[in-house]
Amino acid sequence: MSVTAAQGFTAAGIAAGIKANGNPDLALVVNNGPSLAAAGVFTSNRVKAAPVHWSEQVLRGAAVSAVVLNSGGANACTGPKGFQDTHATAEKVATTLNEQGLGGDFNAGEIAVASTGLIGVLLPMDKLLPGIETAAAALSADGGEAAAIAIKTTDTVHKTATVSQGGWTVGGMAKGAGMLAPGLATMLVVLTTDADLDSATLDKALRAATRTTFDRVDSDGCMSTNDTVLLLASGASGQVPAYEDFAEAVRKVCDDLARQLIGDAEGASKDIRIEVIGALTEDDAVEVGRSIARNNLLKCAIHGEDPNWGRVLSAIGTTKAAFDPDRLNVAINDVWVCRNGSVGDDRDLVSMKGREVRITADLSNGSESAVIWGNDLTAEYVHENSAYSS
């Protein structure tokens, strides 16, 4: 049930007509309380969409009563009018929910807004605003799946995850198939919990989770202007879990969703798990892993099922990480094809027929490690993105 797996939440997903193909394109998630505690992380791209600017302001109040999300248009690089449209969207949600008498006193300052789609195009407000009324009328405790479907763009499947324990639950939904190289967040994600925790605790757990999950998905080296991850707590279960238990549940949900994002990346035929070990620092491990994930020559080799380990070494060599080139080791699907910066085991021993390819890069310079997930580079990816706006 995605974002409605936790008690205290209702959701809906409808077709408002934002997408020309008539597919669902508007989602609404409402926190019915009693708590409205919330936290969020957003793209570190310096070019931010209007909804990101708006929702960052909302999160300063540490309370979110509802989230409205649309696909079919990013509302990014749309100037003052784009921000006005975001404000009008939040106002419409608050007014509509109050008119429906849902038991709260909704105000625009507690309504988060998220958008995804083509950059540089204003949203059709004549469709979006009436759609909010339709979505509000469809709100249901079973509406999580419909909401997850409504936020898809180039996604081929909707993405949801839940973890339950000790009488409380963390649930979530995500969208994302392209521009997957985020900082602190990835595309659009809404997480919910019925645990009774304050916003500071939510923020701590969310940032810890995104740091090792969404922030380490690097499919195509492209960072979105709209990346948003929100965590809302209703407190409806009345349970106050230990921080460690809650943080781990949030991490598990985020990790599940991040893997689904990689598995649905545009045009991909291989998921690449890159583990960097033996690093002097964790930052070194992350930098090396990200460099390997973004190496287009390597991504093409993986697509062709060619265990070209030389491209891994060349990617490592572009970083500022501390290592000795003559001590580097590389394994592809557990075969150490490079040892001490030179030829290792017979590369013909490597089988790359499966969907998942595992690359291990040993820097032999410390005890820190990190895992980055990436994808291969395919003709299908190029085709899909060559005509995205036309």
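Residues numbered from 1 in each chain as written. Predicted model: local features only at pLDDT ≥ 70, side-chain atom pairs only at ≥ 80, totals over all residues. Heavy atoms only, no water.

Caption draft 1: Structural view of the sheet that holds strand 4 (residues 66-71). An order of 1-2-4-5 is seen for the 4 strands of this open sheet, with the pairing classed as mixed. A strand with exactly one partner marks an edge of an open sheet, and here the two such strands are strand 1 (9-14) and strand 5 (111-116). Direction aside, the axes of adjacent strands within the sheet are offset by 10° on average. Direction of pairing for strand 1 relative to strand 2 (residues 26-31): antiparallel, over a ladder of 6 bridges. When the sheet's bridge partners are listed, Ala-12 is paired in strand 2 with Leu-28. (Pairing = 2+ DSSP bridges. Helix = DSSP H or I, 4+ residues; strand = E, 2+ residues; numbered from the N terminus. Axes fitted to C-alpha atoms, helices over the stretch in contact; angles between N-to-C directions.)

Caption draft 2: Unusual backbone geometry, seen in detail. That bond from Gly-33 to Pro-34 is cis: its omega, 20°, falls within 30 degrees of zero. The phi torsion at Cys-77 lies on the positive side, around 60°, for a residue other than glycine. You can see Cys-77 is positioned in the loop between strand 4 and helix 2 (79-99).

Caption draft 3: Representation of the side chain of Ser-224 in the model. Inspection of the secondary structure puts Ser-224 in the loop between helix 5 (199-212) and strand 9 (228-233). Looking at Ser-224, its side chain comes within polar contact range of the main-chain nitrogen of Asn-226, at 2.9 Å. (Polar contact = N/O pair within 3.5 Å; in protein donor to acceptor, adjacent residues only side chain to side chain.)

Caption draft 4: Structural view of the packing of helix 5 against helix 6 (residues 243-263). Orientation of helix 5 relative to helix 6, taken along the N-to-C sense of each, is 45°, at an axis distance of 9 Å. Taken as axis vectors, helix 5 and helix 6 run oblique relative to one another. When you trace helix 5 past helix 6, the crossing you get is right-handed. The residues of helix 6 that touch helix 5, namely those facing Thr-201, Leu-202, Lys-204, Ala-205, Leu-206, Ala-208, Ala-209 and Thr-212, are Tyr-243, Phe-246, Ala-247, Val-250, Arg-251 and Cys-254. Considered class by class, the residues forming the contact of helix 5 with helix 6 number 10 nonpolar, 2 polar and 2 charged. (Parallel < 35°, antiparallel > 145°, perpendicular 65-115°, else oblique. Left-handed = near helix turned anticlockwise from the far one by under 90°. Contact = heavy atoms within 4.5 Å. Nonpolar A, V, L, I, M, F, W, Y, C, P; charged D, E, K, R; others polar.)

Caption draft 5: Seen up close, the pairing of strand 4. Among the 6 residues of strand 4, 6 are classified as buried, and the element is accordingly described as predominantly covered. Every second residue of strand 4 is oriented toward a common face, with Ala-66, Val-68 and Asn-70 on one face and Val-67, Leu-69 and Ser-71 on the other, all of them buried. In this structure, strand 2 lies alongside strand 4, joined through 5 bridges in antiparallel fashion. Residue Leu-28 lies in a different strand from strand 4, and its bridge partner there is Val-68. As judged from the 6 bridges shared by strand 4 and strand 5, these two strands associate in the parallel manner. Looking at strand 5, one finds that Ala-66 is bridged to Ile-111. (Buried < 20%, exposed > 50% of the residue type's maximum accessible area, 1.4 Å probe, protein only.)

Caption draft 6: Main features of the UniProt feature "binding site: substrate" (unreviewed entry) in the protein chain. Mapped onto this numbering, the UniProt entry gives "binding site: substrate" (unreviewed entry) at Thr-153, Lys-175, Thr-186, Glu-266, Asn-385 and Ser-390. For Lys-175, the location among the structural elements is in strand 7 (residues 168-175). The buried category is assigned to Lys-175, whose relative accessible area is 1%. (UniProt positions renumbered as here; feature names shortened; annotations may be inferred.)

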